[in-house]
Amino acid sequence: MLSAVAARRAAQVANPEPALPVARPEPAQVSPKSPRIPSTSAKTTSKRKASAQTPNLPRKSKKKKVAHQKPRYFTEEDAFLKQDDVIIIGEDDSEDSEEDMEGFARDLLPTTPTRSATLVAKGKRAWSPSRPFQDSSDEEVVAVSTPFTPGTPVTPRTPARVAVTEPTHLVSAFEPVLNKNIFSSSSTELQLASADVARKPITLVVLHPGETLALVGSYTLSVFHGSITMAGVKLEPSTATHPVFAPRSSPVPVIKALRSNGLSGHALPISLPEIIQPYLSQGCTIIALQELHTGVQGLGSVCRIFDGVFQPSRWYRNDSTPNLNIPGVHMLTRQHRDVQSFELPPSWDTALSSICPGTPQVDDSAKPVFPICLIKGPKKTGKSTFARTVLNRLATRYRKVAFLECDLGQSEFTPGGMVALNIVEQPLFGPPFTHPTIPYLAHYVGSDTPRSSPSHYLAAIQALVQSYKLDLQSPIFDIPDVVGDNRISDAIPLVVNTMGWNKGLGADLTRQIEEMVEPTDVVEVTGPLFERGWFEAHAPIGSDPFGHPSTKKHTIEPIAPSILANNYAPADHRILSMMSYFHAIFPAPSSADLEQLTATSWHTALPLCAQHPYQLDWSQAIDKFYLTGAGTEDVVPSELERVLNGAIVGLVSCESGAIDTEIDAKPNTIPYSQGATAVSPSMSTCHGIALIRGVSPSSHHMHVLSPLPTGMLAKCRVMIKGEQELPVWGMLDFRSEGGESVAGMERSKVPYLQWGKGEGIGGERRRVRRNLMRKGQS
């Protein structure tokens, strides 16, 4: 497609008649009321395709004569005449669908004054589509200070370089001053006998109503007076300590003080220092912060892409940030491109208030109604973040809350590849890799997506839903009472997090899950195409016309993609969650029922290749090996040792009679049947995953790494190998400088690990495109 300059020069060549001499006036000598001199040159029409970002101005504005203080751009000296012709290649047809969707969204959404309309109102000429537009070249840097919204035209690129300006959004409206609003104390002075806070210095922070405080790092938080909100959860005064993990790879929670009623707060057995007593009658909030040593920061050495996420970003290196005298904790004063704060959108707050009302609801029979909430929506919209927020809200009202994880790729409590039912007792403040948990019940699928085994995926979820309705909905176990804990204990609500695959087969699977669960509330996160004003006007709370008559449907807005991504892809978080699981240290299980076993620390001093494994005799300890996934039915028994070498497997315990232990082969053969279907989820449960670090070819021994307690490992007599593989970070030795060796061996001689590009046909990584449509589907 020829540009306007090339078309004009071609028209001049076609018309040999001399044009009338036109004097080009200087910009300062042009009168606003002087008529334009007509030109006899051929009229050039721009052939550029109108995009969805071009402002649609009214037709009357074209006839109206506007006095211009400055000459029009085509009356000035045309700098393009002295250059070579420019040929603009037409855009790809694949972008037409995105333009049509943006135009559709612009017609649906409320109209807002655009930048072009503002320029016309000020007497300046609006943006013209014939001017050079901004392309994707890296020659110039253009500052964008406001987020893009559908219907807003793109600012044209200017020849001059524009400096990049970072938005200065204030996050912490709090100025710490020692011995004025920050006080150092100890557990002895506060008469705290809890083992969690003993022998550690305590920092007391006094927050006035409305003040906010955002911290980067890991710390423990306790509320002694007043109340605060953090990550959408309201915390009242209590002696309980909440561990908070705030890395830069996820939205940082913000502590906001609420207005209290003087001395009407909950009475705690704490004697605050006399210097803080005057603040109690001023409606202030007093919180206690302590450093938290768990070893989670060492995961940055294991997975180097997350190195330093618990430290301030590089934008803070030259800033004088206030010091809170808490090791490993840094105050976040303003947002940057690589660190964002968590802000609760208005539609989220409305939905949360309806799901978790201030007073318990009752039905017609005067029985309390507890929520069963299902969250669905597309990927990269904050669906998992909202599910965690609902879970934390319910955990402040109920003693125990059940969480059903149906997202195989972005699991909240377990590594990817399994559907799990977890029991939560306390609110969780941190991303998934900071709270790996041994599930109450789980089933191993072995893949990040149910695409290859949808029937097994649904069967596993159905087994978990039945277990919840029979055992947990009205718990058959006695939950012991705790002094000072007034939360509800006779019911356990449920939160269901679904996957982000919401088209085709994924939408059908989500619909079947909704029919199994029979939720009381369905929360749908819409796509990132709509803007915030649309939700308050067009998304009221009501009944779901496609679900149960008593089901309430809530439509909420998505979180900005820049806050979710934050320089890390979902695949990076999956890798970090798996590495966090293998380096986690779980507490020993007790005799209590429905106990939440969450990791309390991480052992990151040694890589996986240097840790001491369990030596297992598979002829005595394992009853059956299963392979799941596409192509596994072709694996013959003689090749199973090579398949299991360095594999990720699920550790499963089965009921008696669930599997057939008879083997048709020789006695020394591995218990494996080619093409056998995995054990039924209704008669088995998965306790966790393990890494088979090596299989001995001459004996029945294999080396296994797993963070599960020894008592649970003895129950797991079935191993299932799926499609998941160990990330490359788990194969490296981070102790060597530059990664030149692995466990003392030169990296070029390490088995199962290849550096650089692959050799031969098929050596490169295959890229699969799933967005191609046939002609009849367009």
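Procedures and definitions
- Residues numbered from 1 in each chain as written.
- Predicted model: local features only at pLDDT ≥ 70, side-chain atom pairs only at ≥ 80, totals over all residues.
- Heavy atoms only, no water.
- Helix = DSSP H or I, 4+ residues; strand = E, 2+ residues; numbered from the N terminus.
- Buried < 20%, exposed > 50% of the residue type's maximum accessible area, 1.4 Å probe, protein only.
- Contact = heavy atoms within 4.5 Å.
- Pairing = 2+ DSSP bridges.
- Axes fitted to C-alpha atoms, helices over the stretch in contact; angles between N-to-C directions.
- Salt bridge = Lys/Arg side-chain N within 4 Å of Asp/Glu carboxyl O.
- Expected span 1.5 Å × (residues − 1).
- pLDDT = per-residue confidence, 0-100.
- Phe/Tyr/Trp six-rings, centres within 6.5 Å; stacked < 30°, edge-to-face > 60°.
- Lys NZ or Arg CZ within 6 Å of the ring centre and 35° of its normal.
- Core = buried A, V, L, I, M, F, W, Y, C linked by side-chain atoms within 4.5 Å.
- Domains from an automatic or database assignment.
- Parallel < 35°, antiparallel > 145°, perpendicular 65-115°, else oblique.
- Left-handed = near helix turned anticlockwise from the far one by under 90°.
- Nonpolar A, V, L, I, M, F, W, Y, C, P; charged D, E, K, R; others polar.

This part covers the overall build of the protein chain. Within the protein chain one finds 16 helices and 31 strands. Burial status across the protein chain gives 42% buried among its 778 residues. In the protein chain, the proportion of contacts linking residues at least 24 apart, taken out of those at least 6 apart, comes to 76%.

Moving on: the sheet that holds strand 29 (residues 718–721). Note on sheets: strands pair through backbone hydrogen bonds, and any given pair is parallel or antiparallel. With respect to topology, 6 strands assemble into an open sheet ordered 24-28-27-26-29-25, the strand pairing being mixed. At either end of the open sheet lies a strand with only one pairing partner, and these are strand 24 (614–617) and strand 25 (624–627). Taken pair by pair, the neighbouring strands of this sheet meet at an average axis angle of 40°, ignoring direction. Where strand 27 (residues 684–695) and strand 28 (residues 701–705) come together, 4 bridges link them in antiparallel fashion. Residue pairing across strands places valine 695 opposite methionine 702, the latter belonging to strand 28.

Okay, the pattern of salt bridges next. Tallying each qualifying case throughout the model produces 17 salt bridges. Residue aspartate 349 pairs with arginine 393 through a salt bridge whose shortest N-O separation is 3.6 Å. With a gap of 44 residues between them, aspartate 349 in helix 7 (residues 346–355) and arginine 393 in helix 8 (residues 383–395) connect regions that are remote in the sequence. For arginine 393, a relative accessible area of 18% translates into the label buried. Between arginine 511 and aspartate 508 there is a salt bridge, with the nearest N and O atoms lying 2.6 Å from each other. Of this pair, arginine 511 and aspartate 508 both sit in helix 10 (residues 505–517), 3 residues apart, roughly one helical turn. Given a relative accessible area of 42%, arginine 511 falls into the partly exposed group. Residue classification places aspartate 508 among the partly exposed residues on the basis of a relative accessible area of 28%. Members of the salt-bridge network, linked through shared partners, are Asp508, Arg511 and Glu515.

Let us now look at helix 9 (residues 454–472). End to end, helix 9 covers 26 Å across 19 residues, agreeing with the expected 27 Å (1.5 Å per residue, within 8%). Along helix 9, the residues classified as buried are His456, Tyr457, Leu458, Ala460, Ile461, Ala463, Leu464, Val465, Ser467, Tyr468 and Leu472. Where the residues of helix 9 are buried, they touch strand 12 (372–376), strand 13 (401–405), strand 14 (418–424), strand 16 (441–444), strand 17 (494–497) and helix 10.

Let us now look at the confidence of the model for the protein chain. When pLDDT is averaged along the protein chain, the result is 75, and 64% of the positions lie at 70 or above. When mean pLDDT is taken per element in the protein chain, strand 17 scores highest with 96 and helix 4 (residues 115–121) scores lowest with 40. Low pLDDT, under 50, characterises residues 19–58; the predicted model gives this stretch 42 contacts beyond four residues in sequence or across chains. Long-range and interchain partners of residues 83–168, a stretch whose pLDDT sits below 50, account for 92 contacts in this model, where long-range means more than four residues apart.

Turning next to the packing of aromatic side chains. Evaluation of the coordinates by the stated rule reveals 9 aromatic pairs. Relative to phenylalanine 433, the ring of phenylalanine 310 has its centre 6.3 Å away and its plane inclined at 70°; by these criteria the two rings are edge-to-face. Here phenylalanine 310 is found in the loop between helix 6 (299–302) and strand 9 (329–331), whereas its partner phenylalanine 433 is found in the loop between strand 14 and strand 15 (437–438), with 123 residues between them in sequence. Among the residues examined, phenylalanine 310 registers a relative accessible area of 7% and is labelled buried. Through a chain of ring-to-ring contacts, the aromatic side chains of Phe342, Trp348 and Phe386 assemble into a single cluster. Above the face of the tryptophan 501 ring, arginine 451 is positioned so that its terminal group lies 4.6 Å from the ring centre.

Before going further, it helps to spend a moment on the nonpolar core. Counting residues in each nonpolar core, the largest one holds 79 residues, and the members touching the most others are Leu221 and Tyr457. For this core, the element with the most residues is helix 9, which contributes 8 residues. When residues of this core are assigned to domains, at least three map to each of domain 1 (182–331) and domain 2 (346–358 + 368–529). Setting aside residues no more than four positions away along its own chain, tyrosine 457 makes contact with Cys406, Leu408, Val419, Pro450, Met499, Leu509 and Ile513. Ranked by size, the runner-up nonpolar core spans 61 residues in total, among them Phe245, Ile622, Val649 and Met712.

A few words on the pairing of strand 3 (residues 212–225). The side chains of a regular strand alternate, first on one face of the sheet and then on the other. Here strand 3 lies mainly inside the structure; 14 of its 14 residues are buried. As defined by bridge partners, strand 3 adjoins strand 7 (residues 254–257) across 3 bridges and the pair is classed as antiparallel. Note on strand 7: the bridge partner recorded for threonine 212 is lysine 256. Pairing of strand 3 with strand 9, which is carried by 3 bridges, proceeds in the antiparallel orientation. Residue pairing in the sheet places glycine 217 in a bridge with valine 329 of strand 9. Bridging between strand 3 and strand 6 (residues 242–246) involves 5 bridges; their strand directions are antiparallel. Across the sheet, serine 218 pairs through a bridge with phenylalanine 245, a residue of strand 6.

Describing two packed helices takes the angle between their axes plus the distance from one axis to the other. It is at 11 Å that the axes of helix 7 and helix 8 come closest, and there the two elements cross at 40°. With respect to their mutual orientation, helix 7 and helix 8 come out oblique. Both helix 7 and helix 8 take part in a crossing whose hand is right-handed. Contact residues: helix 7 offers Trp348, Asp349, Ala351, Leu352, Ser353 and Ile355, while helix 8 offers Thr385, Phe386, Thr389, Val390 and Arg393. Its residues assigned to classes, the contact of helix 7 with helix 8 shows 6 nonpolar, 3 polar and 2 charged.

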